Amino acid sequence: TPECAYVLSKSEWTLMEFNKSGKQILIGAMGGVALSLDGYEGSVLHSFQSETGRTGASSQSFPMAACFTPDDRSVICRNNDGTVSCYQADSGLLVRTIRGHPDRVGAVAANPKYSQFASACTNTAVWIC
């Protein structure tokens, strides 16, 4: 969207990682925005925004925390409303929103061996799903 493009043009990039196959790059930026790029051409495949980014509230001071799952099928993104969003990596569609944190999620990580991920919120609680 134009709003997403504007946020990215003004934001510092804080995350860059390839998926396991090397076919996609995940870029995270200040302002709660992430992009998946084609790993060979660099073209934008999908964009992801935190809940705060979608509702228009200011999240400029918070970087996007996101990661690929080891099977390359999903992208996990943190949200400012205490939820974690899971997207299909190939289509960019939201698959599920997981609730449970009392505050902004600050970090997410996918387990490289098992089908689970961890997320941590601002009160240092860690949830493993």
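Scroll up for the structure.
Model, not experiment: these values are computed from the prediction.

Engineer: Could you clarify how one ought to interpret the pairing of strand β4 (residues 44–49) in this entry?
Structural biologist: Working note: regular strand, side chains alternate between the two faces of the sheet. Bridge count for strand β3 (residues 33–38) against β4 is five bridges, and the pairing is antiparallel. By the bridge assignment for β4, Leu35 is matched with Ser47. Where β3 folds back on β4, the antiparallel hairpin that results is connected by five residues, among which Gly42 adopts a positive phi of roughly 85°.

Engineer: I tried to follow the side chain of Gln24 on my own but got confused; where do I start?
Structural biologist: Secondary-structure assignment places Gln24 in strand β2 (residues 24–29). Taking relative accessible area as the criterion, Gln24 reaches 11% and is therefore assigned buried. Filtering out sequence-adjacent residues up to four positions away, Gln24 remains in contact with Glu17, Phe18, Asn19, Ser36, Leu37, Gly39, Leu45, Phe68 and Ala89.

Engineer: Looking at this structure, I do not really get the nonpolar core. What am I missing?
Structural biologist: Burial of nonpolar side chains together is a common tendency in soluble globular proteins. If you look at the biggest cluster of nonpolar residues, it comprises 11 residues: Leu15, Leu26, Ala34, Phe48, Met64, Ala66, Phe68, Val75, Cys77, Tyr87 and Ala89. Elements represented by at least two residues in this core include exactly β5 (66–68) and β6 (74–78). Counting nine residues, the second largest nonpolar core, distinct from the first, contains Ile76, Cys86, Val105 and Val108.

Engineer: How should I be thinking about the packing of aromatic side chains in this particular structure?
Structural biologist: Two aromatic rings, taken as a pair, are described by how far apart their centres are and by the angle between their planes. This structure, assessed with the given rule, holds one aromatic pair. Taking 4.7 Å as the distance between ring centres and 55° as the angle between the ring planes, the aromatic pair formed by Phe48 and Tyr87 counts as tilted. With a gap of 39 residues between them, Phe48 in strand β4 and Tyr87 in strand β7 (residues 83–88) connect regions that are remote in the sequence. Note on Phe48: relative accessible area 1%, which makes it buried.

The rules we used
Residues numbered from 1 in each chain as written. Predicted model: local features only at pLDDT ≥ 70, side-chain atom pairs only at ≥ 80, totals over all residues. Heavy atoms only, no water. Pairing = 2+ DSSP bridges. Helix = DSSP H or I, 4+ residues; strand = E, 2+ residues; numbered from the N terminus. Buried < 20%, exposed > 50% of the residue type's maximum accessible area, 1.4 Å probe, protein only. Contact = heavy atoms within 4.5 Å. Core = buried A, V, L, I, M, F, W, Y, C linked by side-chain atoms within 4.5 Å. Phe/Tyr/Trp six-rings, centres within 6.5 Å; stacked < 30°, edge-to-face > 60°.

Remember that the coordinates give geometry; whether it matters functionally is a separate question.
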